[in-house]
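The residues making up each chain are set out below.
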Amino acid sequence: MKLRPAIGIVALVIALVAAQLVLRAMDKEYCLTQLTMAIYYAIVVIGLCFIMGYAGQVSLGHGAFFAIGGYTTAVLTTYDFSRFEAAAWGRALKQAHVFVVRQDMYGSDVLNAAPWAAFVTAMAATLVIAVLIGYPALRLKGHYLTMATLGFGLIVYKIILGSTLTGTTDGIVGVPAWSFGTVAAISGKSAARVQNYYIACGIALLVLVLLRNLVRSRVGRALRAIHDHETAANAMGINTARYKLKAFVASALLAALAGVLLTHYTGGVNPSEAGAMKSVRYVALAAAGGTTNLWGAAVVSIVLNFLSLRGWFGSYDNAVFGALLIAIVSLAPEGPLKPLGLLLRRFSGRWLAGGRSNDGAA
Amino acid sequence: MALLEVDTVRRSFGGVVAVDRVSFRVDQGQIKAIIGPNGAGKTSLFNIISGLLKPESGRVRFKGQDIGGRKPYQIARAGLARTFQNPSLFLQISVLENVMVGQHCRTRSEFAGCCLKTPGQRREERAMRDSALARIDYVGLADRAAAPAGALAFGQRRMVELARALATEPDLLLLDEPASGLNMSETDELGQLIEKIRDSGVTVLLVEHDMSLVMNISDEILVLDNGATIAEGSPLAIQNDPNVIAVYLGSDFKHASASQKS
């Protein structure tokens, strides 16, 4: 009970460090950029895996939540607020370091929102929107929830595509790095590549551990109970509507978090992030990892997104993920890693027998 | 003192009146049974009391408070737990976890605490696990605690459901046909368990078809037919009630009472 999660974490940490060292040895450290991006996308996938596997909610709106995070950050950190500097609130925000002066790509001074302020705004906006979408949508069940989130995603995509504030089809570029003092910064500079790789790893691992704690707790049990038998869960004293909404919002917030981070990392965001195909891709990856397997979803998602970002799938990119979803749904609805996981568990159960007996009747 | 008061409750589905102005009360410390032929409205009445159905008219008072129209989870929190006619366990999770879900409304760790595994959350989790294991032991399934609920036999599922309902720490326990699907020895054990539960201070209201069980353990019996009350009283009074004999018990009842005497 105590050992198993530690083994999972240690294995993943070793794999991530090994990936960096191998790429360095092969003189292909530039690949870390795509790996870092894949890790940020994996945060969306594990958040989605959480609601799909443990709460039974299939959302096709996670691309939109990612985009809401990314675009909020991109707009606020690139929009020139200097015209409001004369106003009292503009001055106040500048004094509070919510607005900061920086130089844009052409070397002229602009007044933008600080990354942390943009982050807070992005999270708050996502919270509000996820509640507004989730509250009515979660009264629907099964496919209807999926359809509602798909509709929401399409609307967000169209708004982003049509609005000059979000740069229409071009998206937004020139998003500044997010610096934490002089110690670290989320930025796409090639000098900071290795550092950023480890920052992404750290954040993804943290999310993974927190979610894992969550699903194995009172809240996680309540969600699985709702998923299994909603009426009985309600009759056992669980406020089912509230829990479903909270899980949905938490998952949406993770998607937005990934959007914020990746936008700082790549220095921009474009409308394809909000596209329906992106949402389908997240669902396919969560399913491919095994929907009740957060680790599996993380690993599968990192590997496949990395290959996709390296251009392995060429012009068949979207088709690969579509085909993957079809294959998973028809061949292995519980995820291809399930048989493998059972094998591993049996194997590890043997030499962890001591730790495991605490698991059952103590 | 009346723990539960049902006052002229009515509910219909389309043109069919499932529960027709039924009134009764359950006193603290009783075992009370509701009997009646299939379609008499027993389960509908249970669903109204536990909040799954809204009454069209009439009132349900629990511990003096009107609970008619409240949500099931609010009623469970108020101290009224139930089991279902078809055991409704959470089949994907273990027996232990099923019973721990029952403790949900008596515990408080939320999203943040659970993510961060705060000391308070760990303490609560340990306490939940211990008391859930104790309740599983109470219904005689200690060796099955780690099994997935879906792997249990039917009779065992009923017992887990009972343990789960007890985990909500109820003052009143509603059992919907707890003996259906059980064999005779399991039914005997169930009868003893229900009496043990009553003796521990939990009032019991049950719907049951097994007449020997009902007659053996009940303090009072309510008889429904076509949604309406046709008799109410002690097991002895019910056995001798001409209405009941005519409408419902018929010759079966004589077998039951004969086997009870022997």
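Residues numbered from 1 in each chain as written. Chains lettered and ligands numbered in written order. Predicted model: local features only at pLDDT ≥ 70, side-chain atom pairs only at ≥ 80, totals over all residues. Heavy atoms only, no water.

Participant: Explain unusual backbone geometry here, please?
Facilitator: Keep in mind that most residues, glycine aside, have a negative phi and that most peptide bonds are trans. Residue and element names in this part refer to chain A. Positive phi, close to 65°, is recorded for H97, a residue that is not glycine. Relative to the helices and strands, H97 is located in the loop between α4 (88-95) and β1 (99-103). The backbone phi angle of T168 is positive, close to 40°, even though this residue is not glycine. Here T168 lies in the loop between α6 (143-162) and β3 (172-173). (Helix = DSSP H or I, 4+ residues; strand = E, 2+ residues; numbered from the N terminus.)

Participant: What should I look at first to understand empty space enclosed by the protein in this one?
Facilitator: Over the atoms, a rolling probe the size of a water molecule traces out where space has been left empty. Considering all chains together, one arrives at three cavities of 30 Å³ or more under this definition. Its volume calculated, the largest cavity comes out at about 80 Å³. Lining the largest cavity we find L12(A), L16(A), I39(A), A42(A), I46(A), C201(A), A204(A), L205(A), L208(A), A298(A) and I302(A). Put simply, the parts of the chain that give the lining of the largest cavity at least two residues each are α1 (3-25), α2 (31-55), α7 (193-215) and α12 (294-309) of chain A. In terms of residues, the lining of the largest cavity owes the most to one element, α7(A), which gives four residues. Of the residues in the lining of the largest cavity, the class split is 11 nonpolar, no polar and no charged. Looking at the second largest cavity, its volume works out to about 40 Å³. Around the second largest cavity, the lining residues are T83(B), R158(B), E161(B), L162(B), L175(B), P178(B) and L190(B). Per-element tally for the lining of the second largest cavity: the top contributor is helix α6 (residues 154-167) of chain B, with three residues. Of the residues that constitute the lining of the second largest cavity, the class distribution is four nonpolar, one polar and two charged. (1 Å grid on protein atoms, 1.4 Å probe; cavity = no way out; pocket = protein on both sides within 12 Å on 5 of 7 lines; lining within 4 Å. Points joined across faces, edges and corners; volume = space filled by probe spheres on them. Nonpolar A, V, L, I, M, F, W, Y, C, P; charged D, E, K, R; others polar.)

Participant: Looking at this structure, I do not really get the pairing of strand β9 (residues 220-225) of chain B. What am I missing?
Facilitator: Looking down a regular strand, the side chains alternate between one sheet face and the other. Residues and elements named next belong to chain B. Counting buried positions along β9 yields five of six residues, so the element is predominantly enclosed. Both strand β3 (residues 31-35) and β9 contribute to a ladder of four bridges, which runs parallel. Each bridged residue has a counterpart across the sheet, and for K32 the counterpart in β9 is E220. Taken together, the five bridges between β9 and strand β10 (residues 228-233) define a ladder with antiparallel strand orientation. Paired with L222 across the bridge in β10 is E232. Between β9 and β10, which pair antiparallel in sequence order, lie two residues; one of them, N226, sits at a positive phi of approximately 50°. (Buried < 20%, exposed > 50% of the residue type's maximum accessible area, 1.4 Å probe, protein only. Pairing = 2+ DSSP bridges.)

Participant: Please explain α2(A) as it appears in this structure.
Facilitator: Residue and element names in this part refer to chain A. With 25 residues, α2 extends 35 Å from end C-alpha to end C-alpha; this agrees with the ideal 36 Å at 1.5 Å per step. Of all 25 residues in α2, 24 are buried, a share of seventy percent or more. G56, located one to two residues past α2, shows a positive phi value of around 70°. (Expected span 1.5 Å × (residues − 1).)

Participant: Where do I start with the nonpolar core in this structure?
Facilitator: For soluble globular proteins, the rule of thumb is that nonpolar side chains tend to be buried together. The biggest cluster of nonpolar side chains holds 109 residues, and the ones touching the most others in it are Y40(A) and F50(A). Per-element tally for this core: the top contributor is α2(A), with 20 residues. Among residues more than four places away in sequence, those in contact with F50(A) are A55(A), L211(A), L214(A), V215(A), L223(A), A247(A), L294(A) and F111(B). One finds L89(B), L133(B), A163(B) and L166(B) within the second-largest nonpolar core, a separate group that totals 47 residues. (Core = buried A, V, L, I, M, F, W, Y, C linked by side-chain atoms within 4.5 Å. Contact = heavy atoms within 4.5 Å.)

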